[in-house]
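Architecture and fold: a report
So you can see what is in the structure, the chains are spelled out below.
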Amino acid sequence: MEERKTIFDYMGQIFIIYGFSILTLNIFCILVGEDAQKVSTIYSLGREGLSISTMLQFLGVSVCITGLRAFFFTDKVIKRMSVAARSACMLASIVALVVLCAVIFGWFPVTMWQSWAGFFISFGLCFVGSLCLMTLKEKTENRKMEEALQRLKIQEEKTVK
């Protein structure tokens with residue numbers, strides 16, 4: 001049974017996504033900011049950092065991703081869909097969202113294959129990293145639940161005797 005989420009749970013998810021995004025963008029600012037300044041609105045300030053408009057755009061994307069997660073991974077809207085199908089739909093939705101933002105906000109030149117290659121490589125690395133973290137978290141939680149169940153069984157056996 002899944003616990004009920006509050007607005008604070010969603011706000012926490014938004015700011016985790018946002019913080020990770022901004023940290024990653026700042027690292028790229030340091031590494032390629034001067035070179036990317038000419039072709040991307042994200043790096044319009046070069047190595048100096050991110051503009052307020054870029055940070056607000058990424059906050060909006062973080063809100064949208066959190067909304068997509070709630071949509072695809074709660075049973076209130078989608079009743080019968082496997083976790084794999086939900087994950088695939090969410091992944092496709094996030095890619096579509098980023099493509100839309102790239103076009104609207106000029107994040108990178110949509111006509112350059114190098115931009116798309118960089119996007120898909122960085123997105124893939126972030127996806128694999130987050131997948132590994134989620135898997136590790138789930139295994140840790142399952143192990144804790146199993147240990148708690150074993151303690152409960154032992155306590156119940158002592159009570160019966």
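Check the entry above for the structure.
In short, a report on the structure. Bear in mind the structure is a predicted one, so any value in this text is a computation, not a measurement.

The next subject is the packing of aromatic side chains. As enumerated under the stated definition, the model contains ten aromatic pairs in all. By the ring-pair criterion, three or more aromatic residues cluster together here, those being Phe-108, Trp-116, Phe-119, Phe-120 and Phe-123.

On to the pattern of salt bridges. By the definition in use, this model includes two salt bridges. Of the charged contacts in the structure, one is a salt bridge between Glu-141 and Lys-137, with a shortest N-O distance of 4.0 Å. Separated by four residues within a single helix, Glu-141 and Lys-137 lie in helix α4 (residues 113-160), roughly one turn from each other. The exposure class assigned to Lys-137 is exposed, which follows from its relative accessible area of 54%. The salt bridge involving Arg-143 is made with Glu-147; its shortest N-O contact spans 3.4 Å. Within this pair, Arg-143 and its partner Glu-147 are both found in helix α4, separated by four residues, close to a single helical turn. Using a relative accessible area of 36% as the deciding quantity, one classes Glu-147 as partly exposed.

Calculation criteria
All residue numbers refer to positions counted from 1 along the written sequence of the respective chain. Two thresholds apply to this predicted model, a pLDDT of at least 70 for residue-level local features and 80 or more for giving and counting side-chain atom pairs, whereas whole-chain, interface and lining totals are computed over all residues. To get the side-chain values, all heavy atoms of the structure are used, and hydrogens and water are removed first. A pair of aromatic rings is counted whenever rings of Phe, Tyr or Trp (Trp by its six-membered ring) have centres within 6.5 Å, and the orientation is called stacked for planes under 30 degrees apart, edge-to-face for over 60 and tilted otherwise. Take a side-chain nitrogen of Lys or Arg and a carboxyl oxygen of Asp or Glu: if they are within 4 Å of each other, that pair is a salt bridge. Only DSSP runs of H or I with at least four residues qualify as helices, and only runs of E with at least two residues qualify as strands; both kinds are numbered from the N terminus onward. Throughout, exposure labels follow a simple rule: accessible area from a 1.4 Å probe, protein chains only, divided by the maximum for the residue type, with under 20% read as buried, over 50% as exposed, and the rest as partly exposed.

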